[in-house]
Amino acid sequence: MSTFLGMPQGRVPGPAADTAVGQLTGDRPFPAAARDALGNTQLRRNLAHATSTIRAKRAAVVGEVPDWEALREAGSAIKADTMARLPELLEQLEANVTARGGTVHWARDAAEANRIVLDLVRATGENEVVKVKSMATQEIGLNEALEGAGITAHETDLAELIVQLGHDKPSHILVPAIHRGRSEIREIFAREMPGVDPGLTDEPAVLAAAARTHLREVFLRAKVAVSGANFGVAETGTLTVVESEGNGRMCLTLPETLITVMGIEKVVPTWRDLEVFLQLLPRSSTGERMNPYTSSWAGVTPGDGPQEFHLVLLDNGRTRALADDLGRTALHCIRCSACLNVCPVYERTGGHAYGSVYPGPIGAVLTPFLTGITGGSDPNDSLPYASSLCGACYDVCPVKINIPDLLVELRAEHTEAHAARHRLPTSEAAAMKAAAWVMADPKRFARVGRAATRGRHGIRQGKPVLPLPPPLSGWTASRDVPSPPAETFRDWWARTRGDRP
Amino acid sequence: MRIALFVTCLGDVLFPDVARATVAVLERLGHDVVFPEAQTCCGQMHTNTGYQHDAVGLVRHHVDVFEQAMARGCEAVVAPSGSCVGSVRHQHAAVARRSGDEALAVRAEAVAARTFELSELLVDVLGVTDVGAAYPHRVTYHPTCHSLRLLGVGDRPLQLLRAVRGIDLVELPAADSCCGFGGTFSVKNADTSTAMLADKMSAVLATDAEVVTAGDASCLMHIGGGLSRLRTGVRPVHLAEILASTA
Ligand code: SF4
């Protein structure tokens, strides 16, 4: 049997899930969604301010670490090794979690994971849960699934709470309410938070205090918590959550039952590997030397913390990504969000334009690797093009994911999938073929180039002049076209130097 | 040194002045510039737009042409474009490998190893920063993404510019942020590209420069196209043209 399969053979009844489901696809292609976001001046201002602040913080603390490049290399190498032997590491993790009194569940896709969590919550007889901020549960749409079954999920991370109370969607993987300014937050709290002081101001400290009072009550009441995990150590069965507000620590210690949903790529081989990631992650994500709270637990400890622990291992397209040589590197991501914060596209459009819970540069590659490029009308097919290939993401990624190369690869996979599905080539594909045909032959190329100059054919300024594909109107909407030269370089060369040896 | 000029398709057809300036600088420094007339295009647009399959023939052609130039005594290939050199150095072998042609990949790597962007050639290979230019204008420099990140040219272009007589070189705010060109990105995601361009233009205007310069004609076409549309009066001038100037 092939060994690339992320899920160990036979752990899940039935065939491996081929495609991810859940909150990974928007309703429109990127350019259309981006157009709306670009028209929102408040959003543009909030994003520009937030991303430039966090960029500067990150650059400062990364600059302090003399062996930063060596750490990145180490992070990348550990991840590559992990992906190469994922099935074995997952079984080791399962064995160690079980040995320490936890229960491991395997979920092929979002629907299966939601069903498992729902059944576990129902078995406790509770009708509410507290949640630690988690991308995996966002990805599977767990809150909506629980709500549908009459169970209330309370988000306890401040930004996640803002998003939840605002009936909104997260737009950043670390700072989900990055698109909101503080006056908007005040307005959301005043409207939605039960029992809030009507004299609430938009001072950050006042807003935080209001959230704290609201959440404290929930923490003391809740019997069940749901979390994600930043790392799952195969060697020891230890799960780790990294956070800044202490809400995670509350959720992980106070309730009687803890349910953790973790993507299968989050496993690391040994406890010692955390040394590398716990240096890389906080500096890359919040721009802190160390994050305020790092919680680690293994199974169940009698008389201390939750007495029942469940780990749900989620595939949801990861096996599919792992099968692709380049795609598997997208699974190296530790969700630090540094690539979002430096991305010039994300900075202008924000996260909602990407449709998926994973926005920004990593989202533009991870999402299509999880859901698959269709070559049809799937909005995710537009994501690999949502980049100018400037390379800023690759420069900052703590595990050195070469996102520009992945984007270029996905673009090729997209045009190839499209060609395989459709009888007629797109006008773009036809133009590219024509351009390649012209450029494959110097004589043809010289003729076309000459035709573009004003010297020979009197083409006026303002006309597109290269054998470029449509739609060129996208160019002329905001930029003038350079006026064509009197002669091409090669004609000038032939005229002035042609008879040189 | 005998140097082969890789003019780039854009340089040949739309910006011959940039290519002529490149020739002028190198000849002034006493080098022998050769133009292999069979060259066409490196295939970057095809590769970056998803047509790697169509790019393979262009890669092969490029490798054939410049291999021959090297066989005829050229010790280096130069292009006045960070982006096209980036494509040659970073993508050609990968495109060949993806098509299953390992032999071509190896040949492409050999050509790439001798291919330089203009500022790299001048500073690293030829060891000069003062090329004898004079340019009495207020100038700001935009480091294009592929020069900066794919090639890592660092401050080489600035070293060259600082040595130009009479120049008033002013620093561009947020210089390392992308101008929004990105090849076909500029038309496929025209709105986002324009938003990025708007911020770049504001930065340029804040410097009060008469001239914005860069090592890529393509990014300058984008920035200059926007500045011209707004009738700002700021001119885009390629690095090679400033270095060639003796005015
Ligand atoms: S791709 Fe790299 S930079 Fe982006 S979130 Fe993941 S780890 Fe961080």
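What counts as what
- Residues numbered from 1 in each chain as written.
- Chains lettered and ligands numbered in written order.
- Predicted model: local features only at pLDDT ≥ 70, side-chain atom pairs only at ≥ 80, totals over all residues.
- Helix = DSSP H or I, 4+ residues; strand = E, 2+ residues; numbered from the N terminus.
- Rg over C-alpha atoms; globule rule 2.2 N^0.38 Å.
- Buried ≥ 20, exposed ≤ 12 C-beta atoms within 10 Å, placed from the backbone.
- Contact = placed C-beta atoms within 7 Å.
- Expected span 1.5 Å × (residues − 1).
- Near = placed C-beta within 6 Å.
- Nonpolar A, V, L, I, M, F, W, Y, C, P; charged D, E, K, R; others polar.
- Pairing = 2+ DSSP bridges.
- Domains from an automatic or database assignment.
- Axes fitted to C-alpha atoms, helices over the stretch in contact; angles between N-to-C directions.
- Core = buried A, V, L, I, M, F, W, Y, C linked by C-beta atoms within 7 Å.

*Asks:* Could you clarify how one ought to interpret the overall build of chain B in this entry?
*Replies:* Of regular secondary structure, chain B possesses 13 helices and eight strands. Since a compact globule built from 247 residues should have a radius of gyration of about 18 Å, the 18 Å found for chain B is in line with a globular shape. Over its C-alpha atoms, taken along the principal directions, chain B stretches across nearly 50 × 45 × 25 Å. Within chain B, the proportion of its 247 residues that are buried is 62%. Across chain B, contacts joining residues at least 24 apart in sequence account for 78% of those joining residues at least 6 apart.

*Asks:* I keep staring at the overall build of chain A and nothing clicks. Help me out?
*Replies:* Per the secondary structure count, chain A includes 24 helices and 10 strands. Over its C-alpha trace chain A gives a radius of gyration of 26 Å, about what one expects of a compact globule, namely 23 Å for 501 residues. Seen through its C-alpha atoms, chain A measures out along the principal axes to roughly 90 × 65 × 50 Å. Each of the 501 residues in chain A was classed as buried or not, and the buried ones make up 52%. In chain A, once contacts between residues fewer than 6 apart in sequence are set aside, the share between residues at least 24 apart is 77%.

*Asks:* Before we go on, may I ask you to explain helix H12 (residues 274-285) of chain A in this structure?
*Replies:* All names here are of chain A. Taking 1.5 Å as the rise per residue, H12 with 12 residues should run 16 Å; its terminal C-alpha atoms sit 16 Å apart, in good agreement. Burial runs high along H12: nine of the 12 residues are buried. All of the buried residues along H12 are Leu 274, Val 276, Phe 277, Leu 280, Leu 281, Pro 282, Arg 283, Ser 284 and Ser 285. At the exit of H12 stands Gly 287, carrying a positive phi of roughly 70°.

*Asks:* Can you help me understand unusual backbone geometry in this one?
*Replies:* Peptide bonds are, in most cases, trans, and in most cases residues other than glycine have a negative phi. If you check the backbone angles, Asn 316 of chain A has positive phi at about 45° while not being a glycine. As for its placement among the helices and strands, Asn 316 of chain A is situated in the loop between strand S10 (308-314) and helix H13 (318-322). The buried category is assigned to Asn 316 of chain A, around which 26 C-beta atoms lie within 10 Å. For Ala 174 of chain B, which is not a glycine, the phi torsion comes out positive at approximately 45°.

*Asks:* Can you help me understand the site of the ligand in this one?
*Replies:* Around the ligand, the structure places 14 residues, and the nearest of them are Cys 333, Cys 336, Cys 339, Ile 362 and Cys 397 of chain A. Across the shell around the ligand, the residue classes break down as 11 nonpolar, two polar and one charged.

*Asks:* What should I look at first to understand the pairing of strand S3 (residues 76-79) of chain B in this one?
*Replies:* Across a regular strand the side chains alternate sides, sitting on one face of the sheet and then on the other. Residue and element names in this part refer to chain B. In terms of strand pairing, strand S1 (residues 2-5) meets S3 through three bridges, oriented parallel. The partner of Leu 5 across the bridge, within S3, is Val 78. Examined bridge by bridge, S3 and strand S4 (residues 115-117) share three bridges and lie parallel to one another. The residue of S4 that forms the bridge with Val 78 is Phe 116.

*Asks:* What should I look at first to understand the domain arrangement of chain A in this one?
*Replies:* Parsing chain A into structural domains produces domain 1 (1-36 + 67-155 + 223-423) and domain 2 (427-497). Inter-centroid distance (C-alpha atoms) of domain 1 of chain A to domain 2 of chain A is 46 Å.

*Asks:* In this structure, what is going on with the sheet that holds strand S6 (residues 168-170) of chain B? I would like to understand it.
*Replies:* Think of a sheet as strands paired side by side through backbone hydrogen bonds, with each pair either parallel or antiparallel. Residues and elements named next belong to chain B. Ordered in space as S6-S5-S7-S8, the four strands form an open sheet in which the pairing is parallel. At either margin of the open sheet sits one strand with a lone partner, and together these are S6 and strand S8 (235-238). This sheet shows a mean twist of 35° between the axes of neighbouring strands, independent of strand direction. When strand S7 (residues 211-214) meets S8, the two strands line up parallel, connected through four bridges. From the neighbouring strand, Val 212 faces S8, where its bridge partner is Pro 236.

*Asks:* It is not clear to me how the nonpolar core should be interpreted in this structure. Could you clarify?
*Replies:* Grouped burial of nonpolar side chains is what soluble globular proteins tend to show. Counting 217 residues, the largest nonpolar core has Ala 225, Leu 314, Cys 339, Val 365 and Ile 403 of chain A as its most contacted members. With seven residues, the single largest contributor to this core is helix H4 (residues 52-71) of chain B. Excluding anything up to four places from it in sequence, Cys 339 of chain A contacts Gly 360, Pro 361, Ile 362, Cys 393, Val 396, Cys 397 and Ile 403 of chain A.

*Asks:* Help me understand the sheet that holds strand S8 (residues 267-268) of chain A, please; the structure alone is not making it clear to me.
*Replies:* Residue and element names in this part refer to chain A. Across the sheet, which stays open at both edges, the four strands sit in the order S8-S5-S6-S9 with mixed pairing between neighbours. Two strands close off the open sheet at either side, each with one partner strand: S8 and strand S9 (293-298). As paired elements, strand S6 (residues 238-243) and S9 share six bridges and run antiparallel to each other. Within the sheet, the bridge partner assigned to Val 242 lies in S9 and is Thr 294.

*Asks:* Where do I start with the interface of chain A and chain B in this structure?
*Replies:* Where interface size is quoted, it is often the accessible area lost as the parts come together. Listed as interface residues are 50 residues of chain A and, on the opposing side, 51 residues of chain B. Elements with a minimum of two residues in the side of chain A that touches chain B: helix H1 (30-38), helix H16 (344-349), helix H19 (403-421), helix H20 (427-439), helix H21 (442-451), helix H23 (473-476) and helix H24 (489-497) of chain A. The element that contributes the greatest number of residues to the side of chain A that touches chain B is H19 of chain A, accounting for five residues. Broken down by class, the residue content of the side of chain A that touches chain B amounts to 31 nonpolar, 10 polar and nine charged.

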